[in-house]
Each structure stands twice: as structure tokens, then as C-alpha cells.
Amino acid sequence: MPTVEGVLAALSPLVAGLAAGLSLIVAIGAQNAFVLRQGLRREHVLPVVLVCALSDLVLIAAGTAGLGALVTGAPVLLTVVRWGGAAFLLTLAALAARRALRPGGLDAASGEVSGEVSGAGATSARSAVGTSLALTWLNPHVYLDTVLLLGSLAAGYAAAHAGGAGGPDAARWIFGAGAMVASVVWFAALGYGARLLAPVFARPGAWRVLDGAIAVVMATIGVSLLLGG
């Protein structure tokens, strides 16, 4: 019969992946602003949410399978990416902390964030889907966050928990699954809960709290990678 400790250990990669995914996805930017705008207007919310979430699932799976498998079989490379990933996370934590000190506001009507255009003008389902695809696949940071960073984190986490049930491969994919869950939950909540959030996130103070929380999560995961290495 499974023990409480065993269950918690098995869920640890899932929770870590969920936290890592949310810390990278939940940030003010063009894609999130566009999803929020569509949700506020109740305009093609389902296709927009599906495009953003499914795109993330493909990219996270690619990172978990490709780069994760590569670094697991190369101990030296694993050490490099673990330290590099930790350094990058700590850098992102610092940037999030700086955003928290100088928060931007979100224009709920136009979907613009701090002067950044986020695909305004979509009036048809085809236009909304096309804008969602462009904001996702034409953004170089998406590849850095999902394919490279999350893939490296999954591999590093797998190596640190190689003694768990199923070995490093299981831990890596459970970590990736957690990041995938984070993406689906976030985009669905953002799109369909947008009208409830609009009055809140129109104020810079709300982004201050959110970016502050993101900074804490990123710093925590970065430090845990350093200690685990």
C-alpha cells in the first residue's frame, strides 16, 4: 500500500513542473494581453485558448523529449544546462522583481500592455486564430522558455530524482506534464475569466503583486536546481 511519503515523492515532479510552467507563462506580455482582450470581448475565446494551449503542449513536449533526453545521456552537458538554467531563472526572477517595482498597466479595451501592440483589430475567427499563432510561434522567447528552458529544467529535475519510482524518464515526463497542465489551466482561466479580472489588472498594483509572486517562484526553483546539482 502506498505511503504518504511515497505519494508526495511521486507528485513532486508534477508540482515542480506546474510551478515552473506557471512562473514562465503567467507574465504580462503580448500573448496574454491578446487572450485577455478576447475574453473581455467574449470574442472567439475557445479557438484562441485552444491555439495558445495546444501550441504550448507541442513545444513543452518537444523540449521534454528532445533536449531532456539529450542532456540526461550527457552528464557534463547536464551539469552545464542545470547551472545555466538556474542562472537564467534567477535572472528572470530579478527581471520580474524589477517589473514589480515598476509595474505596467493593461488597457482592457485595446489589449495593449505598456504601449506594446498585442494583435488589436481581430474581428473574425480566422483573424483571431492567425493572431494567436503569430503571437505564439513568431515569438523567440517562446522557444527559449518552453523548448530550451523547460526541457533543461525537466532533465535537471529528472537527474536529481533518478532514484524515484520509474527512474529519471518518469520524473522528466511528469515534470513536463505539470508544465502542460499549467499552460492549459492558465490560458483557459485567462480567456474565460477575463471579464472578472479586467477591473483588477487594469491597475498597475495588480501586476506588481503578480510579478512579485513570479519572482519568488523563479528564484525558488533556480536555487533548488543549484542545491540539487
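Heads up: the structure comes first, above all this text.
These remarks concern the structure in this document. What you see is a predicted model; the values in this text were computed from it and never measured.

### Observations concerning the environment of serine 183
Take serine 183: it is sitting in helix H7 (residues 167-192). Separated by 159 residues in the primary sequence, serine 183 and leucine 24 have C-alpha atoms spaced 9.5 Å apart. If near-sequence neighbours (up to four positions away) are discounted, serine 183 is found in contact with Ile25, Ala53 and Asp56.

### Focus: helix H5 (residues 125-137)
Here H5 spans 18 Å end to end across 13 residues, near enough to the 18 Å set by a 1.5 Å rise per residue. Among all positions in H5, only Ala128, Thr131, Ser132, Leu135 and Thr136 are buried. The buried residues of H5 occupy an angular sector of 125 degrees when projected down its axis, which confines them to one face.

### Let's talk about the side chain of glutamine 31
Examined against the element boundaries, glutamine 31 turns out to sit in helix H2 (residues 30-41). For glutamine 31, a relative accessible area of 17% translates into the label buried. Engagement of the side chain of glutamine 31 in a polar contact is seen with the side chain of threonine 136, the distance being 2.6 Å. Excluding anything up to four places from it in sequence, glutamine 31 contacts Cys52, Leu135, Thr136 and Phe187.

### Focus: the nonpolar core
Nonpolar side chains tend toward joint burial in soluble globular proteins. The biggest cluster of nonpolar side chains holds 40 residues, and the ones touching the most others in it are Leu89, Leu150, Leu153, Phe175, Phe187 and Met218. Of all the secondary structure elements, the ones that give two or more residues to this core are helix H1 (4-25), H2, helix H3 (45-72), helix H4 (75-101), H5, helix H6 (140-160), H7 and helix H9 (204-228). For this core, the element with the highest residue contribution is H9, accounting for 7 residues. Each residue touching phenylalanine 175, except ones within four places of it in the same chain, is listed here: Pro13, Ala16, Gly17, Ala20, Leu150, Leu153, Ala154 and Tyr157.

Reading guide: rules and limits
- Residues numbered from 1 in each chain as written.
- Predicted model: local features only at pLDDT ≥ 70, side-chain atom pairs only at ≥ 80, totals over all residues.
- Heavy atoms only, no water.
- Helix = DSSP H or I, 4+ residues; strand = E, 2+ residues; numbered from the N terminus.
- Contact = heavy atoms within 4.5 Å.
- Expected span 1.5 Å × (residues − 1).
- Buried < 20%, exposed > 50% of the residue type's maximum accessible area, 1.4 Å probe, protein only.
- Arc of directions from axis to C-beta.
- Polar contact = N/O pair within 3.5 Å; in protein donor to acceptor, adjacent residues only side chain to side chain.
- Core = buried A, V, L, I, M, F, W, Y, C linked by side-chain atoms within 4.5 Å.

Treat this as a map of the structure, not an account of what it does.
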